[in-house]
Amino acid sequence: MPLLVTGGRILRPDHTVERADVRIDTDGYIDAIGDLEQTERDQPLDAEGSLVTPGLVNGHGHAAMTLLRGYADDKPLDAWLQEDIWPTEAELGPEDIAAGARLAAVEMIRSGTTAFADMYFHVPELVDVIDETGLRARVGHGVVTVGKDEEAAAADVDEALDIAAEYDGAADGRVRTAVMPHAPHTVDTESLERLVAGADERDVPLHFHFNETESYLDPDGTGERPGAYADRLGLLDDSSWAAHGVHLTGDEIDRLADTGTAVVHCPASNMKLASGLAPVERLREAGVTVALGTDGAASNNDLDMFDEMRDAAMVGKLAADDASAVPASAVVEMATRAGADALGLPGGRIAEGEPADLAVVDLSGAHLTPEHDLVSHLAYAARGSDVRHTVCDGEVLLRDGELLTLDPAAVKREADERAREAVERAS
Ligand SMILES: N[C@@H](CCSC[C@H]1O[C@@H](n2cnc3c(=O)[nH]cnc32)[C@H](O)[C@@H]1O)C(=O)O
Ligand SMILES: [Zn+2]
């Protein structure tokens, strides 16, 4: 049955707001926008008193890290990864990853996120969760070769390339893949070369952490900047997207712009790990596509993209020492259209012919009154809990706050149990 989103106001790609209904065809595409007559065939979705926005796009994260939320806080990146996170991740099996990803899906769907990027391991189990929950994603097996012998490093690279080939187009096309070296300095040069060549052969993009902290800045120990090194190896490309991009020289910003590499800004993670202030305004001025991501729940500590928009606007002004920097419309753009473009996924805009990936935000809260500017409200005042309905690929995943593809109580119970057991095994 066609779906008819009725009685709401919609956020257009140019950020104007208009009163309009949205009809979604049975293939999941938006086929009409306007004052539409409800027919007997239409399944209605009430948007009265609400703003219909594009589904939010979380451009960088590690979904199953929800299991490690609150487990190790208040530490800088290297110590946090090496002392706490990596030893515990070594204890996570495929069923743990599925449980953590389901918990992430509950949070994402409830807060209006319809698409996300994921770099982690046990990817087949993540793909099953995406299939059953109805979300859209670009996924990959994260490769780390530091501390591994040659054979183990080669096996990690092989796994990443096999997964990129096997799962592209899974879940009725909602799952796309990428080749994901963790970062230029945690993967050796030869493995990076194999990953770049393999991504090219398989026609899938590359995704990696980039210049997140000072320790990222001399990847191969020769003093060459990571921007020049990554460019020389072919990591920078108009299909690639890099996470963080905190410590960037002018030359590196130029290289990102010239190659068309997108950057996913992760403001909460950067603040929590004290990684630094990303030059978001300078990147945007240089013409780089800048998207927004939560990073894993252990460095955030939630997956609410409304928080991320607010954080990005706030810290962007601080970084630029300019209150007009990274305005509301910029962060809304980063969380929607720029996210879809960075990941090479459809969505991010409400327009005829686009897939119906939508979030319907209830505007009745005191914190959203009065309605001077709804784009401002999305960026500064709305919360994930204001989302009433979430639609992905034309399927309703959340209706009036109720999850239709997951049982949240069962998901929380299993995640809680598995997280506790993994931490016990690690200690
Ligand atoms: N196969 C790899 C796992 C790589 S997945 C991606 C990794 O990124 C880690 N990670 C999460 N957040 C960040 C971040 O902000 N910077 C760098 N790494 C992160 C995460 O914990 C996970 O280990 C291995 O054998 O360890
Ligand atoms: Zn990350």
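Keep in mind the model is a prediction, meaning the values are calculated, not measured.

A look at the overall build of the chain
Counting its secondary structure elements, the chain contains 14 helices and 20 strands. Taking 2.2 N^0.38 as the reference for a compact globule, 427 residues should give roughly 22 Å; the C-alpha atoms of the chain span a radius of gyration of 21 Å, in line with that estimate. For the chain, the spread of C-alpha atoms along the three principal axes comes to 65 × 45 × 40 Å. Taken across its 427 residues, the chain has 58% of its residues classed as buried. Contacts in the chain between residues at least 24 apart in sequence constitute 72% of all its contacts with a sequence separation of at least 6. Total accessible area on the chain stands at roughly 16,100 Å², and carbon and sulfur atoms take up 45% of it. Seen as two clouds, the 34 positive and the 84 negative side-chain charges of the chain have centres 4 Å apart.

Remarks on the domain arrangement of the chain
Segmentation of the chain into domains returns domain 1 (3-54 + 350-403) and domain 2 (56-343). Of note, the centres of domain 1 and domain 2, computed from C-alpha atoms alone, are 28 Å apart. Each side of the interface is counted separately: domain 1 has 25 residues, and domain 2 has 29 residues. Considering only the side of domain 1, the residues that lose the most area to domain 2 are Ala379, Tyr380 and Leu403, jointly responsible for 27% of the buried surface there.

Points about the sheet that holds strand 5 (residues 30-34)
One key point about sheets: their strands pair by backbone hydrogen bonds, in either a parallel or an antiparallel sense. In spatial order, the strands read 5-4-1-6; together these four strands make up an open sheet with mixed pairing. Two strands close off the open sheet at either side, each with one partner strand: strand 5 and strand 6 (43-46). Averaged over all pairs of adjacent strands, the angle between their axes in this sheet comes to 20 degrees, without regard to strand direction. Bridge analysis of strand 1 (residues 3-6) against strand 6 gives four bridges, and the strand direction is parallel.

Reading the values: the criteria
Residues numbered from 1 in each chain as written. Chains lettered and ligands numbered in written order. Predicted model: local features only at pLDDT ≥ 70, side-chain atom pairs only at ≥ 80, totals over all residues. Heavy atoms only, no water. Helix = DSSP H or I, 4+ residues; strand = E, 2+ residues; numbered from the N terminus. Rg over C-alpha atoms; globule rule 2.2 N^0.38 Å. Buried < 20%, exposed > 50% of the residue type's maximum accessible area, 1.4 Å probe, protein only. Contact = heavy atoms within 4.5 Å. Areas by Shrake-Rupley, 256 points an atom, 1.4 Å probe, with all protein chains shown as cover. Lys, Arg positive; Asp, Glu negative; His and termini not counted. Charge placed at Lys NZ, Arg CZ, Asp CG, Glu CD. Domains from an automatic or database assignment. Buried area = accessible area lost by both parts, 1.4 Å probe. Pairing = 2+ DSSP bridges. Axes fitted to C-alpha atoms, helices over the stretch in contact; angles between N-to-C directions.

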